[in-house]
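# Fold and contact review
The chain contents come next:
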Amino acid sequence: MEVSVRPMTMEDYGRVYSLWKSIRGFGIRSIDDSRDGTERFLRRNPSTSMVAELDGQIIGSILCGHDGRTGYFYHVCVDERYRRRGIGKRMATEAMRALQEQKINKVSLIAFKHNEIGNQFWHGSGWTERADANCFDFDLNEENITRFNQ
């Protein structure tokens, strides 16, 4: 099995979106995760988001960007059939290398508390869960609804 990891492009969007839709419990935002929203994100962060590909099929993805100071991971996922093979870790490593090339020294992410598989992955990959900070959101557009796959 030869899995390649490379930067995501807009040509990947349809296959990445299909992957997102296939994962139970995955949250998809109506505006931010649309084709236009994803294109805006990739234009701002052209080299840091990654996909894992096997035989022309996208089997993993990470949206990754930064604000000039801290990098952020969004929508980290691997097709359930290909988990526990190091694919997620390879994508995360490549995204972090891309951030380092841009002089970014820290990366953060949010994992929903009910995402047991994701939380186990991050704990097992050496990430530190912060107990000293709270996460707050303020929605600027109420039409940007998150729907979770069943």
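Everything here concerns the structure above.
Keep in mind the model is a prediction, meaning the values are calculated, not measured. (Residues numbered from 1 in each chain as written. Predicted model: local features only at pLDDT ≥ 70, side-chain atom pairs only at ≥ 80, totals over all residues. Heavy atoms only, no water.)

### Remarks on the overall build of the chain
Put simply, the rule is: Strands are runs of DSSP state E lasting at least 2 residues, helices are runs of H or I lasting at least 4, and numbering of each runs from the N terminus. Type-normalised accessible area, obtained with a 1.4 Å probe on protein chains alone, sets the label of each residue: buried when under 20%, exposed when over 50%, and partly exposed for intermediate values.
Scanning the chain from terminus to terminus reveals four helices and seven strands. Secondary structure of the chain in N-to-C order comes out as β-α-β-α-β-β-β-α-β-α-β. With the C-alpha coordinates of the chain rotated into their principal frame, the extents come out at 40 × 35 × 30 Å. Split into buried and exposed, the 150 residues of the chain put 37% on the buried side.

### Some details on the environment of Q57
Quick note on the threshold: By definition in these notes, contact holds between two residues if any of their heavy atoms fall within 4.5 Å.
With respect to the secondary-structure elements, Q57 resides in strand β4 (residues 57-66). The exposure class assigned to Q57 is partly exposed, which follows from its relative accessible area of 32%. It is 20 Å that separates the C-alpha atoms of Q57 and I28, two residues lying 29 residues apart in sequence. Apart from residues no more than four positions distant in its own chain, Q57 is found in contact with R15, A52, D79, R81 and Y82.

### Structural notes on the side chain of T38
With respect to the helices and strands, the residue T38 is situated in helix α2 (residues 35-44). If near-sequence neighbours (up to four positions away) are discounted, T38 is found in contact with M8, M10, Y13, W20, D32 and D33.

### Focus: helix α1 (residues 13-22)
What counts is decided by this rule: Regarding the arc, it is the one traced by the directions from the helix axis to the C-beta atoms.
Three or more residues of α1 are buried, namely Y13, V16, L19 and W20. Take α1 and look down its axis: the buried residues cluster within an arc of 125°, on one side only. Elements in contact with the buried residues of α1: β2 (27-29), α2, β3 (50-54), β4 and β5 (71-78).

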